Amino acid sequence: MLKTRVITAIVLLAILLPVLFQASPWPFAWVTVVMIGAAGWEWARLNGLPGTGAIAAGVALALVCVWTLLLGGLNAPPAWVWMLATAVWVLGGAYALRAGPSGWPQIARGGRLALGALLLWGAWLAIVQAKVHGINFILSVFCLVWMADIAAYFCGRAFGKRKLAPAISPGKSWEGVWGGLAGVVLLGFLWVHVIDVKLAVDSPSLFTLLVQRHGIVSLLALVFLGAMSVVGDLFESLVKRAAGAKDSSGLLPGHGGVLDRIDALLPVFPLALALISL
């Protein structure tokens with residue numbers, strides 16, 4: 001299993017890193033279209049659309065992304081798009097987590113499919129726009145999510161006693177969440193005062209832009225983004241538990257599916273763009 005995980009990780013890095021570090025955002029945009037189409041297929045399967053129907057759903061989502069690129073290019077959408085995404089994630093995420101795995105199937109399948117397509121499209125659009133902002137910017141958003149996850153894992157293992165959402169993800173604890181949020185704040189401080197100052201970066205990071213726009217309030221913005229990464233993780237876990245699935249798919253041997261790898265990213269990218277557009 002470990003060998004399989006390593007091989008899969010190497011292949012993914014070989015695909016993603018060259019396009020991520022290219023100056024032009026276009027190669028990255030086209031590669032992510034394929035990935036979001038695969039995520040759309042996984043979402044459809046998890047929500048009761050089997051076989052060719054799920055494939056059609058994934059292809060349709062990818063075509064919507066292609067249409068978006070052909071119609072608008074890489075131009076930034078209006079700020080209200082990110083504000084709407086924020087409202088959907090905050091209000092919808094709170095509702096879904098409160099209802100739990102048993103409540104999710106009570107929503108009509110068409111509604112669940114449409115919601116997933118909308119959230120995936122919005123996250124893809126935000127990720128592409130983050131690449132347009134610059135390599136340093138998009139890396140800072142990725143690293144925020146990764147720090148929240150890694151710090152939560154180690155703090156949860158060391159100090160975790162109070163379960164966060166036992167019906168959804170029994171392994172998560174409140175102590176892990178607080179540790180993850182502390183890690184995000186520390187990362188932001190280091191990025192602003194070390195990376196953005198000492199290194200020849202191509203663009204301001206998310207952390208620097210938040211400080212420039214919101215000052216000391218940027219600390220609350222970082223906590224908010226770290227918390228929403230947890231919501232994204234829990235939301236996907238809820239959907240999988242409702243479907244009786246361990247992984248979103250087996251597309252990535254040793255790692256599960258695409259959704260398993262991007263769940264925490266889905267709310268953070270559009271919300272990050274909303275915060276810097278205020």
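Residues numbered from 1 in each chain as written. Predicted model: local features only at pLDDT ≥ 70, side-chain atom pairs only at ≥ 80, totals over all residues. Heavy atoms only, no water.

Asker: Help me get a handle on the overall build of the protein chain, residues and values and all.
Answerer: Check the secondary structure of the protein chain and you find 11 helices and two strands. Taken against the 2.2 N^0.38 rule, which gives 19 Å for 278 residues, the C-alpha radius of gyration of the protein chain at 18 Å falls within 12% of a compact globule. Principal axes of the C-alpha set define a box for the protein chain whose edges measure 50 × 50 × 40 Å. Among the 278 residues that make up the protein chain, the fraction classed as buried is 47%. Taking as baseline every contact in the protein chain between residues at least 6 positions apart, the subset at least 24 positions apart corresponds to 76%. Carbon and sulfur atoms make up 72% of the accessible area of the protein chain, which totals about 13500 Å². (Helix = DSSP H or I, 4+ residues; strand = E, 2+ residues; numbered from the N terminus. Rg over C-alpha atoms; globule rule 2.2 N^0.38 Å. Buried < 20%, exposed > 50% of the residue type's maximum accessible area, 1.4 Å probe, protein only. Contact = heavy atoms within 4.5 Å. Areas by Shrake-Rupley, 256 points an atom, 1.4 Å probe, with all protein chains shown as cover.)

Asker: Any chance you could break down the packing of helix α6 (residues 135-159) against helix α11 (residues 265-277) for me, citing the residues and the numbers?
Answerer: Each pair of packed helices gets described by two things: the angle between the helix axes and the distance between those axes. Viewed as axis vectors pointing N to C, α6 and α11 meet at an angle of 130 degrees, and their least axial separation amounts to 10 Å. As far as their axial angle goes, α11 and α6 are oblique. Here α6 runs over α11; the crossing is right-handed. Counted together, Phe137, Ile138, Val141, Phe142, Leu144 and Val145 of α6 and Leu265, Val268, Phe269, Leu273 and Ile276 of α11 form the full contact between these two elements. (Axes fitted to C-alpha atoms, helices over the stretch in contact; angles between N-to-C directions. Parallel < 35°, antiparallel > 145°, perpendicular 65-115°, else oblique. Left-handed = near helix turned anticlockwise from the far one by under 90°.)

Asker: Just give me the short version of the side chain of threonine 68, but keep the residues and values in it.
Answerer: Counting through the fold element by element, threonine 68 comes out in helix α3 (residues 51-72). If we ignore the near neighbours within four places in the chain, the residues touching threonine 68 are Gly73, Trp121, Trp124 and Leu125.

Asker: I'd like a description of the nonpolar core, backed by residues and values.
Answerer: In this structure, Leu144, Leu206, Leu225 and Phe269 are the most contacted members of the largest nonpolar core, which totals 73 residues. If we ignore the near neighbours within four places in the chain, the residues touching leucine 225 are Leu144, Leu206, Leu210, Val268, Leu271, Ala272 and Leu275. (Core = buried A, V, L, I, M, F, W, Y, C linked by side-chain atoms within 4.5 Å.)

Asker: Outline the state of the cysteines, listing residues and values.
Answerer: One pass over the structure, following the stated rule, counts zero disulfides. Its sulfur unpaired, cysteine 143 is 18 Å from the next cysteine sulfur, which belongs to cysteine 155. The partly exposed category is assigned to cysteine 143, whose relative accessible area is 22%. (Disulfide = S-S within 2.5 Å.)

Asker: Describe the pattern of salt bridges, naming the residues involved and giving the relevant values.
Answerer: Scanning the model with the defined rule gives four salt bridges in all. Residues arginine 162 and glutamate 175 are paired through a salt bridge, measuring 3.1 Å at the closest nitrogen-oxygen approach. Remark: glutamate 175 occurs in helix α7 (residues 174-198) and arginine 162 occurs in the loop between α6 and β1 (163-165); sequence separation between them is 13 residues. Of the residues examined, glutamate 175 reaches a relative accessible area of 17% and is grouped as buried. Here glutamate 236 and lysine 240 are joined by a salt bridge, their closest N and O atoms 3.6 Å apart. Of this pair, glutamate 236 and lysine 240 both sit in helix α9 (residues 218-243), four residues apart, roughly one helical turn. What makes glutamate 236 buried here is its relative accessible area of 4%. Here the salt bridges share partners, and the residues they tie into one network are Glu236, Lys240 and Asp260. (Salt bridge = Lys/Arg side-chain N within 4 Å of Asp/Glu carboxyl O.)

Asker: Which residues make up α7, and what values go with them?
Answerer: An ideal rise of 1.5 Å per residue puts 36 Å on 25 residues; α7 measures up with 35 Å between its terminal C-alpha atoms. Where α7 bends most, at tryptophan 191, the angle is about 40 degrees. (Expected span 1.5 Å × (residues − 1). Bend = angle between axes of the 7 residues up to and from the residue.)

Asker: Explain the side chain of serine 205 to me, and be specific about the residues and the numbers.
Answerer: Within the element layout of this structure, serine 205 appears in the loop between α7 and α8 (206-214). With relative accessibility at 0%, the residue serine 205 sits in the buried group. In terms of polar contacts, serine 205 uses its side chain to reach the backbone amide nitrogen of threonine 208, at 3.1 Å. Aside from chain neighbours lying at most four places away, what touches serine 205 is Asn136, Phe137, Ser140, Trp191 and Asp196. (Polar contact = N/O pair within 3.5 Å; in protein donor to acceptor, adjacent residues only side chain to side chain.)

Asker: Tell me what's going on with the pairing of strand β2 (residues 169-173), and back it up with residues and numbers.
Answerer: Pairing of β1 with β2, which is carried by two bridges, proceeds in the antiparallel orientation. Bridge pairing in β2 links alanine 165 to serine 169. Between β1 and β2, which pair antiparallel and follow one another directly, the connecting turn spans three residues. (Pairing = 2+ DSSP bridges.)

Asker: Please provide a residue-by-residue account of the packing of aromatic side chains, values included.
Answerer: Enumeration over the complete set of coordinates arrives at 10 aromatic pairs. When the centroid spacing of 5.2 Å and the interplanar angle of 80 degrees are considered together, the rings of tyrosine 153 and phenylalanine 154 count as edge-to-face. The exposure class of tyrosine 153 is partly exposed, given its relative accessible area of 46%. Given a relative accessible area of 53%, phenylalanine 154 falls into the exposed group. (Phe/Tyr/Trp six-rings, centres within 6.5 Å; stacked < 30°, edge-to-face > 60°.)

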